[in-house]
Amino acid sequence: MSHPLLVWLVGGLLLVGAGFATALLPRWRARERERRTAWSTARAAIDSAAVSRDAAATRVPQAERLLTRAESMAAGRGGASAARAAAQHAREADRLWRTHQ
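This one's a predicted model, so the numbers in the text were calculated from it and none came from an experiment.

About the criteria used
- Residues numbered from 1 in each chain as written.
- Predicted model: local features only at pLDDT ≥ 70, side-chain atom pairs only at ≥ 80, totals over all residues.
- Heavy atoms only, no water.
- Helix = DSSP H or I, 4+ residues; strand = E, 2+ residues; numbered from the N terminus.
- Rg over C-alpha atoms; globule rule 2.2 N^0.38 Å.
- Buried < 20%, exposed > 50% of the residue type's maximum accessible area, 1.4 Å probe, protein only.
- Contact = heavy atoms within 4.5 Å.
- Areas by Shrake-Rupley, 256 points an atom, 1.4 Å probe, with all protein chains shown as cover.

As for the overall build of the chain
Alright, step 1. Helix and strand content of the chain: three helices and zero strands.
Alright, step 2. Order of helices (α) and strands (β) in the chain, N terminus to C terminus: α-α-α.
Alright, step 3. For 101 residues, the compact-globule formula gives about 13 Å, and the C-alpha radius of gyration of the chain, at 24 Å, lies well above that figure.
Alright, step 4. Projected onto its principal axes, the C-alpha positions of the chain cover 85 × 15 × 15 Å.
Alright, step 5. Within the chain, the fraction of its 101 residues that count as buried is 25%.
Alright, step 6. Summarising the internal contacts of the chain: among those between residues at least 6 apart in sequence, 80% fall at separations of at least 24.
Alright, step 7. Working note: accessible area of the chain is about 7,200 Å², and carbon and sulfur atoms make up 62% of it.

Put into structure tokens, the structure is as follows:
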């Protein structure tokens, strides 16, 4: 026969564990969704900047550096903040190429 105190202890631990999982799982999912969305936005900005680069009549060294930096950040992956920074670099490069046409 098992000890009643042990049953209550195991039951309590399972209940606390389930509570933590219930509270943290939505946060983990939201964080992962935010990261995926940010990287999708960054990749779209990088692609747009690459098109502008290919269409540009002249070289724009600053834009090339920004796009290279954005592509390097994308290759390294990282979190949502890295993705936002990569997207910002790519948008700035795109803007520079568009203004120098």
